[in-house]
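Spelled out from the first residue to the last, the chains are:
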Amino acid sequence: MTNELPEAWSATIGQPRAGPQPLVRPAPAPGPEWPPAARAPGRAGLIAGVVALPLADLAGLAAAGAVAPDVIAGLVYGLVALVALSAGGLHRLRICLRVSDQAGRILAATLLPGLLLLPLVPAASAVRLALVAAGLVIAARLITCTILRAAHRRGALGEPTLIIGSGTFGAHLADQLREHAELGLRVAGFLDAEPRRDLAEPWLGRPQDLSRVIVARHIRRVIVCFSDTRDEDLVEVLRACRGLTADVCVVPRLYEIGVAVPRACLDEIWGIPLIPLRRIGHSPVSRGVKRLFDVMVATVLLAVSLPLLAVLAIVIRLQTGQSPLFRQQRVTGSGRAASILKLRTITTTPDSDTPDSDTTWAVDPGQCSRLGRFLRASHLDELPQLVNVLRGDMSLAGPRPERGHFARQFGRQIPRYQDRDRMPAGLTGWAQVHGLHGDTSIAERSRFDNQYIEYWSPWLDVVILLRTVGSALSGPGAAR
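Computed from a predicted model, the values in this text were never measured in an experiment.

## Description of the side chain of Arg221
Then step 1. Mapped onto the elements, Arg221 comes out in strand 4 (residues 221-224).
Then step 2. Exposure remark for Arg221: the relative accessible area of 2% places this residue in the buried category.
Then step 3. Only 2.6 Å separates the side chain of Arg221 from the backbone oxygen of Leu93, close enough to count as a polar contact.
Then step 4. Among residues more than four places away in sequence, those in contact with Arg221 are Arg92, Leu93, Arg94, Ile95, Glu159, Pro160, Thr161, Leu162, Leu185, Asp247 and Asp267.

Here you go:
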């Protein structure tokens, strides 16, 4: 055994590359010095942006309660409909304030909860309540958006806005926002590698200063257009500000060409389309939903698999004379590590060096018994990690945990590898269901892991688990 890395991905680290450079780069020169804002500008606009649509929906649903067959049915329907509107992303206040774009999604979020009332009330009453609620919610939103536009024209409830990109297009975007006050965005300044022209608003620094500027200037909206900063650097910057209050939109490069994105999911500044960046999956509510799902499913899976685990543990004990469980420290998230459980698959004596150590990548199949090779190929050796899931060390689905030695090495050499740590490690993952395990490209695994985090939803976790079970039932895969 050696500590050499497998050829399948060793070329991706430690070698010169023509693509993106390693994450470790010289710190950029500091941006311009500017005093912090004397007060919190746009605080009223921030509050309006957060509560305007939830309050409008609440008012519409409360008014619809007048036609509910009884109080309990009205409360159940209203709560479910409000959750559906929020989960559908319909509580994000769009810049263009156009209700018609989202009418279809509003109807779906208010009509479908009416089905829950069918076991409780007559069908006609449930349908009437849902139809009245849909109409009142749309009417309340129309009134709310009309009031907001009127307030914006008078200079009230404006939201401090930051534009990334100080070139011709960025300046044009700022002009549009000044000319159309009804949009409610007040340009606080620009970020770019350097100021490229005379600007009506100040240059506040480089994109790397984004988080600092958002906090100091109380920025509510960030619009990313065309900057001198490389796209891969912008990815890091935008990910770093995900936990802040600012809503981030990106101007598509070919913005005059229609994109295959539902109009209800787009935003707009006077004919210029914007694509909002997702925030779901990073909120405390989303993390709570994921944790609840993990506990419920892991409890069931552990109960079902306990007989199999007991048999395997007895056989391993008889074969090796050692504990059937093997523990190994793994990185399970940002600043987190845990002792991960596995079934022992390597035939060793207590006094020998364990080949599956913290600094040795691959395990020689000759070191494993026939049972051990089967367990590793079928991934059944990882079933004890359901206990780790219940303890909160990891999740059912997420980036696979890695040993600290290799996590540090990959983090130095593979761009955005450490971004995987934004979400807890998983028993299985989006990369694994695409066959990326064992001696496969770490860079590709990292790309799939980060894609999973960016597009996470409870349904995606269900898909990953179903594909993992299907893969296990179809037969062992390649040995790791």
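What follows picks up the thread again.
## Quick word on the confidence of the model for the chain
Then step 1. Per-residue confidence for the chain gives a mean pLDDT of 84, with 84% of residues at or over 70.
Then step 2. Low pLDDT (under 50) marks residues 1-31, which in the prediction has 57 contacts with non-local residues, meaning those over four places away or in another chain.
Then step 3. Within the model, pLDDT remains below 50 along residues 33-41, and this stretch shows 13 contacts once partners closer than five positions in the same chain are excluded.

## Details of the packing of helix 9 (residues 284-320) against helix 14 (residues 458-474)
Then step 1. With their axes 10 Å apart at the nearest point, helix 9 and helix 14 run at an angle of 30° to one another. Compared by their axis directions, helix 9 and helix 14 come out roughly parallel. Here helix 9 and helix 14 pass one another in a crossing that is right-handed. Contacts from Val289, Lys290, Phe293 and Val297 of helix 9 reach helix 14 at Pro458, Asp461, Val462 and Leu465.
Then step 2. Split by residue class, the contact of helix 9 with helix 14 holds six nonpolar, no polar and two charged.

## Digging into a nonpolar patch on the surface
Then step 1. A surface patch of nonpolar side chains, about 420 Å² in accessible area, is lined by Ile47, Val50, Val51, Leu55 and Leu58.
Then step 2. Inspection of the secondary structure puts Leu58 in helix 2 (residues 43-64).

## Some points on the pattern of salt bridges
Then step 1. Per the counting criterion, the structure on display carries 26 salt bridges.
Then step 2. The partner of Asp101 in a salt bridge is Arg263, and the shortest N-O contact between them spans 3.3 Å. Placement of Asp101 in the loop between helix 3 (71-87) and helix 4 (103-111) and of Arg263 in the loop between strand 5 (247-250) and strand 6 (267-269) is noted, with a sequence separation of 162 residues between them.
Then step 3. By relative accessible area, Asp101 is classed as buried at 15%.
Then step 4. Put simply, Glu268 and Arg263 hold a salt bridge, and the shortest N to O gap is 3.5 Å.

Rules and cut-offs
Residues numbered from 1 in each chain as written. Predicted model: local features only at pLDDT ≥ 70, side-chain atom pairs only at ≥ 80, totals over all residues. Heavy atoms only, no water. Helix = DSSP H or I, 4+ residues; strand = E, 2+ residues; numbered from the N terminus. Buried < 20%, exposed > 50% of the residue type's maximum accessible area, 1.4 Å probe, protein only. Polar contact = N/O pair within 3.5 Å; in protein donor to acceptor, adjacent residues only side chain to side chain. Contact = heavy atoms within 4.5 Å. pLDDT = per-residue confidence, 0-100. Axes fitted to C-alpha atoms, helices over the stretch in contact; angles between N-to-C directions. Parallel < 35°, antiparallel > 145°, perpendicular 65-115°, else oblique. Left-handed = near helix turned anticlockwise from the far one by under 90°. Nonpolar A, V, L, I, M, F, W, Y, C, P; charged D, E, K, R; others polar. Patch = residues over 30% accessible without salt bridge, like charges linked within 9 Å, V, L, I, M, F, W, Y side chains within 5 Å. Areas by Shrake-Rupley, 256 points an atom, 1.4 Å probe, with all protein chains shown as cover. Salt bridge = Lys/Arg side-chain N within 4 Å of Asp/Glu carboxyl O.

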